[in-house]
Each structure stands twice: as structure tokens, then as C-alpha cells.
Amino acid sequence: MPTVSKVLNGRSDVSRATRAKVERLLEVHGYRRRAQSASRSPLVELVFHELDSIWAMELIRGVENVAKENRATVVLTESGTRHAPAPDWLPGVLQRRPLGVVLVFSTLPEDVKRRLRAAAIPFVVIDPAGDPDPDVPSVGSANWAGGLAATRHLTDQGHQRVAIITGPEDMLCSLARLDGYRSAMTMAGVQTDPRLTRFGDFHVQGGFEHAMELLEGPDRPTAIFAGSDLQALGVLEAARVKGLRVPEDLSVVGYDDVPLAQWSSPPLTTVHQPLRHMAEEAARMLLRPDDPGTAAQRIELATHLVVRQSTAPPKEA
């Protein structure tokens, strides 16, 4: 039993092979360590792959709101890539033994899931990236519907040359928003031009660079749907550099509805993604009294369009 205890408590003085064997046995026998309040730190750990994004603050506020209600403190960790935390994160969290972990990643490696479950540390993925594994509790939003709403707003105004700068090609949210865009174009009877589809990185510089290319030449788009508000800010700057007025010469729609969107010039039409609400729901899944770690649950929250002053009918409409 001493070896089992060491594994459960995240001790480093256990060989990798022995640890894996013990964890497999615990999983096979359905073992869940009873969460003793005395052995738990009153912490909720929130893990990002990057903390310099505007929407990260919305997620932090959401988790903090629920943590305060439960007299817990939020610990922030930056680790890994957008797909998964770095391997060196796991030993630390096993030693900290928080009340639970909220992860802003698209999924989790099997080893991470197994070891968190063996240690009875519940976890939830806040998933703006797409659909995680079915055994991972998660909170996401309606990305396809958001892409559809953004593009329909533009086609309803009479735009036919509508470009999209979505997110990275290996993220399901990027593909879902692109599918929504294509569906809206088809519904409007407009054939999509593959030259008007770009995969960005959700950051300002990427939006600027893609927009500069899209706005080059006479056959430019009259509207651009950017897959994030940050990319949309880059589009606004590219329009300024090109001497184009927004929305008179170019309509721009963003995605996320971060607070900065209403203070851009002009205020940005955007798809509201309920980031703070997503974070609150994820924290509640962790902290509700009925053992949140035993069953996977998928919550998908609605998105909706917020119309401001960055869109208008094209001149020729």
C-alpha cells in the first residue's frame, strides 16, 4: 500500500512503469480516492496555454466569481500548447491537490486524465476550440451558429464578396465558424471564392497581415468576417493603411465580443461568445456537491450577433 499512496499523492519517488501499473489497476477497479477536506487545498486551478489574450481575462473573472462563492482561491497556470498542457504541469498539480482544475485546451492526453482521476482531482475543459473527447467534462459554445449569424448579417445587407479570416486550421472552432460562413453564403445563393478564405491565429497581427493581402487589388472583398475580435482589430488597421473607410468601403465583423470591441473605431459588430458564463459553468461543474469527476458532461452555450457600427450595405447595393 505505501506505493499506492505515493502514486495517489503525486510523489516523484516512484518509477514510471510502477506508476502506470498502479494507475491502470486503480482505473480497472473503479477506484476514486475520497476527497477529504483536510487534505484539499481551497484552490481552483485555471490552466491556459497563454495568458496574454484579451478573452483570457473574461474566463478568469468567470472562474473567480464561482470560486468566491465557494470560499476558494483561483490559481493561474500557463503551460503547454493550445492542444494540451505541458507534461511538467502534472506532478505539480498532484502535489497541490486543488479542489479541481479548469483547463482551456481542446482535449487532454490519456495519461493526464488517468492520473487526475486516480488522485480524485476533478477537471473540466473550457472548450472554445471544438469537441473534446467524450469522456471529458466540458463547456463550449455554438461556433457554427456564430459563423452563420455573422455571415448572414453581411449577406442580408447585400454583400457578395465576403472574406473570412478564421482561426488555426487544426482547431475545430475555426472549422465550425468556417462551415457556418459557407452555409450562410450558400443560403444567400452566393458562390464562395476560395481566395477569400484565410486561416489566421486569432491575434491582431495575423488579422492585419491577412487583411492587407485580401484588400490588395481591384477585386477586393466588400466585407470581412474575422474569427476573433483581435483579428478584426487587425482588419480595421489594414483598412486604415489602405485608405478604406469602415463601414463605407469595408464592413467588418468580429467574434467573441470582448469589452474592447465596443471601444474600437468604429465600434465592432461581433458575435457574442459567452466567455464569462462558460467559465462560471465550468467552475460550477467542479464545485457542485455531487461528484463532478465521475461522469462526462458537455454544455454548449448559445452565441448571438451584436450589431454595432462596423457594418453597412456595400456601395453598389
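Residues numbered from 1 in each chain as written. Predicted model: local features only at pLDDT ≥ 70, side-chain atom pairs only at ≥ 80, totals over all residues. Heavy atoms only, no water.

### Examining the sheet that holds strand S4 (residues 123–126)
In space, the 6 strands of this open sheet follow the order S2-S1-S3-S4-S5-S11, with parallel pairing throughout. Because the sheet does not close on itself, it has two edges, and the strands there are strand S2 (73–78) and strand S11 (298–301). The sheet shows a mean angle of 20 degrees between the axes of neighbouring strands, taken without regard to direction. As judged from the 5 bridges shared by strand S1 (residues 41–48) and strand S3 (residues 98–103), these two strands associate in the parallel manner. Bridge pairing in S3 places leucine 46 opposite valine 102. (Pairing = 2+ DSSP bridges. Helix = DSSP H or I, 4+ residues; strand = E, 2+ residues; numbered from the N terminus. Axes fitted to C-alpha atoms, helices over the stretch in contact; angles between N-to-C directions.)

### Quick word on the packing of aromatic side chains
In total, this model carries 1 aromatic pair according to the counting rule given. Relative to tyrosine 255, the ring of phenylalanine 225 lies with its centre 6.4 Å away and its plane at 40 degrees, an arrangement referred to as tilted. Taken as a pair, phenylalanine 225 in strand S8 (residues 223–226) and tyrosine 255 in strand S9 (residues 251–256) lie far apart in primary sequence, 30 residues in all. The residues phenylalanine 225 and tyrosine 255 share a single accessibility class, namely buried. Positioned above the aromatic ring of tyrosine 255 is the side chain of arginine 177, whose terminal nitrogen or guanidinium carbon lies 3.8 Å from the ring centre. (Phe/Tyr/Trp six-rings, centres within 6.5 Å; stacked < 30°, edge-to-face > 60°. Buried < 20%, exposed > 50% of the residue type's maximum accessible area, 1.4 Å probe, protein only. Lys NZ or Arg CZ within 6 Å of the ring centre and 35° of its normal.)

### A short note on the confidence of the model for the protein chain
Here the protein chain averages 86 in pLDDT, and 83% of its residues register 70 or above. Of the regions scoring below 50 in pLDDT, residues 29–38 engages in 10 contacts with residues more than four places distant in sequence or in other chains. (pLDDT = per-residue confidence, 0-100. Contact = heavy atoms within 4.5 Å.)

### Side note on the nonpolar core
Membership of the largest hydrophobic core comes to 32 residues, with the highest contact counts inside it found for Tyr181, Ile224, Phe225, Val235, Leu250 and Val252. Of all the secondary-structure elements, those providing two or more residues to this core are helix H6 (143–156), strand S6 (162–166), helix H7 (172–187), helix H8 (204–214), S8, helix H9 (229–241) and S9. In terms of residue count, H9 provides more of this core than any other element does, 5 residues in total. Judged by nonpolar contacts, the second largest core, of 28 residues, contains Leu46, Ile60, Ala67 and Val124. (Core = buried A, V, L, I, M, F, W, Y, C linked by side-chain atoms within 4.5 Å.)

### Brief notes about the environment of glutamate 281
Take glutamate 281: it is sitting in helix H10 (residues 275–287). Excluding its chain neighbours within four sequence positions, the residues that come into contact with glutamate 281 are Val139, Ile299 and Leu301.

### Brief notes about H7
Along its 16 residues, H7 runs 22 Å from first to last C-alpha, staying within 8% of the 22 Å computed at 1.5 Å per residue. The complete set of buried residues in H7 reads Cys173, Ser174, Ala176, Arg177, Leu178, Gly180, Tyr181, Ala184 and Met185. Taken together, the buried residues of H7 touch H6, S6, strand S7 (197–199), S8 and S9. Directly after H7, the chain includes glycine 189, whose backbone phi takes a positive value near 75 degrees. (Expected span 1.5 Å × (residues − 1).)

### A few points about the side chain of threonine 155
As for its placement among the helices and strands, threonine 155 is situated in helix H6. Those residues in contact with threonine 155 that lie beyond four places of it in its chain are Ala184, Met185 and Ala188.

### Brief notes about the packing of helix H4 (residues 89–96) against helix H5 (residues 110–118)
At a minimum axis separation of 11 Å, H4 and H5 run at an interaxial angle of 10 degrees. What the angle tells us is that H4 and H5 run roughly parallel. Of the residues in H5, those in contact with Trp89, Leu90, Val93 and Leu94 of H4 are Asp111, Val112, Arg115 and Leu116. Here the contact of H4 with H5 is composed, by residue class, of 6 nonpolar, no polar and 2 charged. (Parallel < 35°, antiparallel > 145°, perpendicular 65-115°, else oblique. Nonpolar A, V, L, I, M, F, W, Y, C, P; charged D, E, K, R; others polar.)

### Points about the side chain of glutamate 280
Relative to the assigned elements, glutamate 280 resides in helix H10. Among buried charged residues, glutamate 280 stands out as having no salt bridge; its nearest opposite-charge side chain is arginine 284, 4.2 Å away. Leaving out residues up to four positions away in the same chain, glutamate 280 has contacts with Gly62, Asn65 and Val66. (Lys, Arg positive; Asp, Glu negative; His and termini not counted. Salt bridge = Lys/Arg side-chain N within 4 Å of Asp/Glu carboxyl O.)

### Thoughts on the sheet that holds S8
Reading across from one edge, S7-S6-S8-S9-S10-S12 is the order of the 6 strands in this open sheet, with mixed pairing throughout. Each edge of the open sheet carries a strand with a single partner, namely S7 and strand S12 (304–306). In this sheet, adjacent strand axes meet at a mean angle of 20 degrees when their direction is disregarded. Pairing analysis gives 4 bridges linking S9 to strand S10 (residues 269–272), with the strands arranged parallel. Directly across from glycine 254, in S10, lies its bridge partner threonine 270. Packing against the sheet, H8 makes contact with S6, S7 and S8, and its axis sits at approximately 155 degrees to S6. Its contacts with the sheet place H9 against S6, S8, S9 and S10, and it is angled at close to 160 degrees to S9.

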